[in-house]
Structure formats: C-alpha cells, structure tokens
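# Examination of the molecular architecture
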Amino acid sequence: MNTNESTTRLDFIRAIVAEDLKTNKWGGQAVTRFPPEPNGYLHIGHAKSICLNFGIAGEFNGLCNLRFDDTNPIKEEQEYINSIIEDVRWLGFDWQDRLFYASDYFEQMYEYAVQLIQAGKAYVCDLTPEQIREYRGTLTEPGKNCPYRSRSVEENLDLFERMRAGEFEAGLRVLRAKIDMASPNLNMRDPVMYRILHAEHHRTGDKWCVYPTYDWAHGLEDSIERITHSVCTLEFENHRPLYDWFLDELGVHHPQQIEFARLNLSYTVMSKRKLQQLVQDGLVSGWDDPRMPTICGLRGRGYTPEAIRKFCKRIGVNKFNSTVDIALLEHCVREDLNKTSPRVMAVLRPLKVVIENYPEGQVEELEAINNPEDASAGTRKVPFSRELYIEREDFMEEPPKKFYRLAPGREVRLRYAYFITCTEVVKDSNGEAVELRCTYDPSTRGGDAPDGRKVKSTLHWVSAGHSLPAEVRLYEHLFSRENPDDAGGGEDFKSNLNPNSLQILSSCRVEPSLGQAKPGSRYQFERLGYFCVASESCEGKLVFNRTVTLRDRWAKIQKAQQQIR
RNA sequence: UGGGGAAUAGUGUAACGGUAGCACGACUGACUCUGGAUCAGUUAGUCCAGGUCCGAAUCCUGGUUCCCCAGCCA
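Parameters at a glance
- Residues numbered from 1 in each chain as written.
- Chains lettered and ligands numbered in written order.
- Predicted model: local features only at pLDDT ≥ 70, side-chain atom pairs only at ≥ 80, totals over all residues.
- Heavy atoms only, no water.
- Domains from an automatic or database assignment.
- Axes fitted to C-alpha atoms, helices over the stretch in contact; angles between N-to-C directions.
- Helix = DSSP H or I, 4+ residues; strand = E, 2+ residues; numbered from the N terminus.
- Parallel < 35°, antiparallel > 145°, perpendicular 65-115°, else oblique.
- Left-handed = near helix turned anticlockwise from the far one by under 90°.
- Contact = heavy atoms within 4.5 Å.
- Nonpolar A, V, L, I, M, F, W, Y, C, P; charged D, E, K, R; others polar.
- Salt bridge = Lys/Arg side-chain N within 4 Å of Asp/Glu carboxyl O.
- Buried < 20%, exposed > 50% of the residue type's maximum accessible area, 1.4 Å probe, protein only.

### Some words on the domain arrangement of chain A
When the domains of chain A are assigned, the result is domain 1 (7-260) and domain 2 (346-460). Measuring from the centre of the C-alpha atoms in domain 1 to the corresponding centre in domain 2 gives 64 Å.

### A word on the packing of helix H5 (residues 106-118) against helix H7 (residues 153-165)
Remark: H5 packs on H7, axes separated minimally by 9 Å, with the N-to-C direction vectors making an angle of 160°. For the element pair H5 / H7, the angle class is roughly antiparallel. Between H5 and H7 the crossing geometry is right-handed. Across the interface between the two elements, Glu107, Tyr110, Ala113, Val114, Ile117 and Gln118 from H5 touch Val153, Asn156, Leu157, Phe160, Glu161 and Arg164 from H7. When grouped by side-chain class, the residues that make up the contact of H5 with H7 number seven nonpolar, two polar and three charged.

### Focus on the pattern of salt bridges
Scanning the model with the defined rule gives 45 salt bridges in all. Notably, a salt bridge pairs Asp126 with Arg173, separated by 2.7 Å at the nearest N-O pair. Taken together, the positions of Asp126 in the loop between strand S4 (122-125) and helix H6 (129-136) and Arg173 in the loop between H7 and strand S5 (174-177) put the pair 47 residues apart, joining distant regions of the chain. Each member of the pair, Asp126 as well as Arg173, carries the same accessibility label: buried. Lys274 is paired through a salt bridge with Asp485; the nearest N and O atoms lie 3.0 Å apart. Remark: Asp485 occurs in the loop between strand S23 (468-475) and strand S24 (502-510) and Lys274 occurs in helix H10 (residues 272-280); sequence separation between them is 211 residues. Judged by its relative accessible area of 15%, Lys274 is buried. Judged by its relative accessible area of 44%, Asp485 is partly exposed. Among the ionic contacts, a cluster of salt bridges with common partners joins Arg33, Arg67, Glu221, Asp222 and Glu225.

Encoded structure:
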C-alpha cells in the first residue's frame, strides 16, 4: 500500500476498500474474488478485472479467490476451466488454496432456498417461459402476479423437492422469489431462482436437475466465501437491489457489490459472443490466434504478463464506458520488451548483396551487443561474409527525399560490421532488383570510420551462407475500423475485418544464433519490431510471430509523402 | 415516454470549493552504430444554460447526450 505508485491516487473502488479498512467495517479484512463463468476463454477485458481484484487483495493485505461460477451446465466445460486457470496464473496471480466452484455450494444454496420458501418469500411457478414474460410487464407497465404466487408453503416445499428429485421435465416449473411484480426494476419482479435442467454438469454429474440462476447464486457464493467487496461490471448495477434483497432476507454475511465499466479496445471486439463467432466461422485460427484479444492469443503473440498488468494499471477504473486506444496496449508491450528482449538480426524480405572486394571464402565473427538497455546481457558473435542479405525495403534505386538508406553510389553502415557502398544493381527481366553489387571499406570494421566520416543510416543484415531460413508472421489489428461494430449497409462487425491482419513471410533469413530458439522466447529483430518464437517452431523450421513493430519514423514520413502525392 | 447509471484535450484518466495535471497519440527539435531507445518542447479539455460563492470540473436548478434493464444467460 505504501509503494509510491499506489499511494498517489486510488480509484473509486480502492477508495471504498481503503475507507472500509480504516473504519474497520469488515473487521479489517478485504476479500475479493474473480468469478469467471467457464464458458469461454479469458480476454484482456477479464485481465482488467483480474488485476483489479487480485490487485486490491495484494495492495490491502487481503485475499482474492478464484471462483468458477458454474451454474449453467449447458454452456460450461472443463476445457474452459483449464484455460482460465492457466491464464490467471500466467498473468502472475496466485489464489493459493482458494480455488472454488459455485457448484460446491449447490447443497447449501438449496437449503437457503428452502429457508426462503418457509419464510413465504419464494414459490414454485408453473408458468411457461412465454407466460412469465407476459406476466412480467414491460419497462413502462407493471407486471401482474401469477396464479401460483399464493401457493402454500407446504405445497411449494413439496413441489420444490420434487423438482430436485427429477419428477418434472426441463422448463416445466421454476422457483421464484416473491418480491414485487410492480417494481420499476424488472429484476425485482419475482426473479427466477431455480430452473429445471436435466443436464450433466461437468463437476456434479447428474446429481442435480435444478440449477440456480446467477441472481440467486452469485450473492450466496460471495457470502459463503466471506467476500467483502464484490466487484462486477456495470450491467449488474440493476441487479444490486436483488443481490441485497436475497442476502438481507437470509440474514447472512452481506458483501458490498461495486460495479465498474468493462474494457473496450479500439480495433478489436471483446464480447465472448463475437469472439466465439470469429472462431466458429474460421475467421481466425482459434481462441489463441495471435490476433485475438484473448489472454492466450496475446501470449502467443508475444505479449508479457508484465505488459498486460501495466496496461491494466494505466487504463484505470471507472463507472462509464470508454474505449481505450489499442496504441496504449502496444506502448506497454514495447516499453517492457525494450528493456528485456535480446536484439538479433533478421531479414524479412531478403535482397542479396555481394561485397565485391571482400575475399571469397572469408568469414569474420563480428561482435554485436545483445541489449543496449541491459549491459548484463553481454555480446555475441555474428558471422560476416562476402554474400549477405539486407532488407529489400532498405534499398531504393531512386531514393525520394529523406530516404537515408542504401541507393546506387550511396554509402551506409551494416550494423556492427562495415560501411558498404552500392556500385551496381542487378535486375531481372521485369526490372526488379535481384542483387546488389557493393564494395566495403575494410578500415570501418566494427562500424566506425577512422577518418570520422559519417553515414546517414545503419542497416541490419545476415550472412547469406550462415543465416537460417525462417517463417515470420506479421500481424496487424484484427479490424481495420476503430470501432468494428461501426458497419454500414446491414453488415455486421465481421465486414470490418482487416484483410491484412495476417501476412505470412516464408523466405525470411535470421542470424544463426537463433538456431535453438525455444517457443515462447522473445526477441527484438533490430529495426523491425518485437517477435516471439511461435509454438509450432522447432529447430529445423523456425517460426516467429510479430508482437508489435518498433516505432517507425520512416514509415510515417513515407505515409506523409504518399498523402502529398 | 418506467427505473438504474454516467459525462474533463483525439484517447484513457487526475484534481473531492482554491493555479485544470498525468499518460498514450499527433507534431517539433536534440542525441544516436536500431529512422529503436532516451531527452526537451508544442498541440489540445471541464456536455449545455442558469444560479450560489471572493472563488465552481466540484455545490444547486433545469436541460442535452450516452450506457444498462422486459433470459428459465452471466
């Protein structure tokens, strides 16, 4: 709590927690929870909630539980549980022995329901779903009491027990809270507490055929776990009176529900439904496609947990909807990766260079710095020879203004190597440059000229004979529109998919030090960006995913120049 | 047109009756063996209209706009 970063400003939720701690409201305890429903993969929006809940616990010397809200066996699967556990852990959070499941409380919840029935506060209703909707009324008109509302306690008890026993078909009856069918808050118009579902639950099997609804279950889960601050998203604000009502009627431990705005990010979608659609329609390779805003997608893309945590800290917490610029997320990864990733040279679109005055067969091992931001990372040797590859876009036969790179007659530096001058351009029948003939200045070995002359630019390169082939996947934003839902003419968000969101380059060359690069490890390809070794990569076939480009001044100049034309 | 929320530079957020600040972005410039990083600077804001006050983003009144709610989803 007393770190300089967190004392500066408290968001409104932390302010509440701090105040409660000060007044000893919960006996000096702060207990939060992250309560995902295991029906999908976690995304960066969940990370916001995870960082909030675990962050509060960490900062206030409290506890944060990981709890699966598994009250709907039709939608939930073990696969999701596994991925969620992996993702939360990967993000860097620890729930120790407090991994819980709502389904572990089913018996207790059932007893609480019986208690409410006995108190005349709940009843079994035989209306069909359609009828329930009709009886509920509308936003502007009150609902009306259903004919079963006045059933006796005994009959309700009997019916509810038989619901549990499996005597009725799915959907035939429900248990409802008896509150107020005229309430302006529709959630209070006798909400459903239990529905009959003859479905196999991934944890309780066929033990139950009545399952609690969210409204009934969630507060109980919080209460049973002695949660103090039940943090959820804005859309549950309307449910808070109901949350409070259940807990008050039962007279049990009653946490405070606090709502905050969920995260929206530009150039992507965040709803589970839409993400699922992308997966199902095969528009991405899966939940872990590196273009997805899912935690596993970002992980495969090369994002670090540190960067995601930093991002979540920077976006803050508030009560109004907003859309964070994805550039901020990208800034956070760059900031982290700049300090931590080893530099390496890789040529994505190779253009052959022959150094005519360099002795055939000669190879020099030149020393290169692994990370200029971290002296302890040391140096490595990079082989240099007569035939090299440079980046195709680092050469222009007719360079425009402000293009500092290689051109006929121009001298540039090869990083950590020599100054070279382009003397001749070899072209194919289409007039395309296929090879450059150059000379080098032997006195510039290592990259400095003894006579002090300067060059305008430094290029990365690899030795043709020593470099390794690699596949590199260049990723861009998944959508080409800032707000993907902003689609015209009856189209939906999918019409805004960015056709260039994935570009696969299969004839890249990387320096030999990358030969044993392990999947998941991250590098900066000098002058290009941050890349991470793809999970499919192996020693014979190297594959890299681009996490994010470096900031690129030249690209901006180029863009500006194109706009002028 | 019922109820519940919310509005501060382009974006995200501070300021809790007392100089509207920070970050991202954009734009300058310095430096540089990454057109990277770093450093310096510029840009730009209190939804509107009244009121209270020496003083209002903050308090009051009235508007405007946006979000959420009519699942046996969460």
